Amino acid sequence: MIAIASDHGGFALKKEIMERLEARGLEYKDFGSFTAESCDYPDLAAPACRAVRSGECEKGILICGTGIGMSISANKIKGIRAALCGDCFSAEFTRRHNDANVLCLGARVTGAGLALKICDTFLDTPFEGGRHKRRIEKVEEIEREEAGL
Ligand code: RB5
């Protein structure tokens, strides 16, 4: 199950991505927004990312105008490794090396055709593990240290 959410800036692209997921036979849960009315990206990012953290969804896709607000918000949620990607190389390597569990896209930056390829790459690329696991554990250590402040 893939969690998907957008603000108004990403609303149209979210619809295209959902159509792509359906065409690929991949299940998703839409956390909104459900209209193109102006809304606040943290309100959409948080529930989608919490569904990833809980295990209800294995990965997430978040879209706003630049992808930046969504990525800032997503990375505040414990256990979330969100990557803002505007190219397929980044999407591939954030899976292989960072085990990113949330993909952020900027609908006003990245065209729909490329965005769909980025989604495919992100969803289809496995984590390599090995030395990259140690680095992720160090990131999690920072998270624990900061939580104790
Ligand atoms: C909304 O206008 C815009 O600020 C939002 O979609 C996003 O780009 C924020 O990072």
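Model, not experiment: these values are computed from the prediction. (Residues numbered from 1 in each chain as written. Predicted model: local features only at pLDDT ≥ 70, side-chain atom pairs only at ≥ 80, totals over all residues. Heavy atoms only, no water.)

Which parts of the structure should I look at to understand the site of the ligand?
Close contacts around the ligand come from D7, H8, Y41, C64, G65, T66, G69 and R108, and that covers them all. One of the backbone N or O atoms of T66 is found 2.9 Å from an oxygen atom in the ligand. The contact in question runs from an oxygen atom of the ligand to an N or O atom on the backbone of G69, over 2.9 Å. Against a free-state accessible area of 300 Å², the protein chains account for coverage of 71% of the ligand. Residue classes in the shell around the ligand are distributed as 2 nonpolar, 4 polar and 2 charged. (Near = heavy atom within 4 Å. Polar contact = N/O pair within 3.5 Å; in protein donor to acceptor, adjacent residues only side chain to side chain. Areas by Shrake-Rupley, 256 points an atom, 1.4 Å probe, with all protein chains shown as cover. Nonpolar A, V, L, I, M, F, W, Y, C, P; charged D, E, K, R; others polar.)

What is the right way to look at the packing of aromatic side chains in this model?
Two aromatic rings are characterised by how far apart their centres lie and by the angle between their planes. Within the structure shown, the criterion is met by 1 aromatic pair. Between F89 and F93 the ring centres are 4.5 Å apart and the planes differ by 25°, which places this aromatic pair in the stacked class. Within this pair, F89 and its partner F93 are both found in helix α4 (residues 88-96), separated by 4 residues, close to a single helical turn. (Phe/Tyr/Trp six-rings, centres within 6.5 Å; stacked < 30°, edge-to-face > 60°. Helix = DSSP H or I, 4+ residues; strand = E, 2+ residues; numbered from the N terminus.)

Which parts of the structure should I look at to understand the sheet that holds strand β1 (residues 2-6)?
Sheet strands pair by backbone hydrogen bonding; their relative direction is either parallel or antiparallel. With parallel pairing, 5 strands are arranged side by side in an open sheet as β2-β1-β3-β5-β4. If you trace the sheet from one side to the other, it starts and ends with β2 (28-30) and β4 (82-84), each paired once. In this sheet, neighbouring strand axes are inclined to one another by 20° on average, regardless of whether the strands run parallel or antiparallel. Bridge count for β1 against strand β3 (residues 59-64) is 5 bridges, and the pairing is parallel. The residue bridging S6 from the neighbouring strand is I63, located in β3. Contacts between helix α5 (residues 112-124) and the sheet are confined to β1, β3 and β5 (102-106), with β5 contributing the most and set at about 170° to the helix. (Pairing = 2+ DSSP bridges. Axes fitted to C-alpha atoms, helices over the stretch in contact; angles between N-to-C directions. Contact = heavy atoms within 4.5 Å.)

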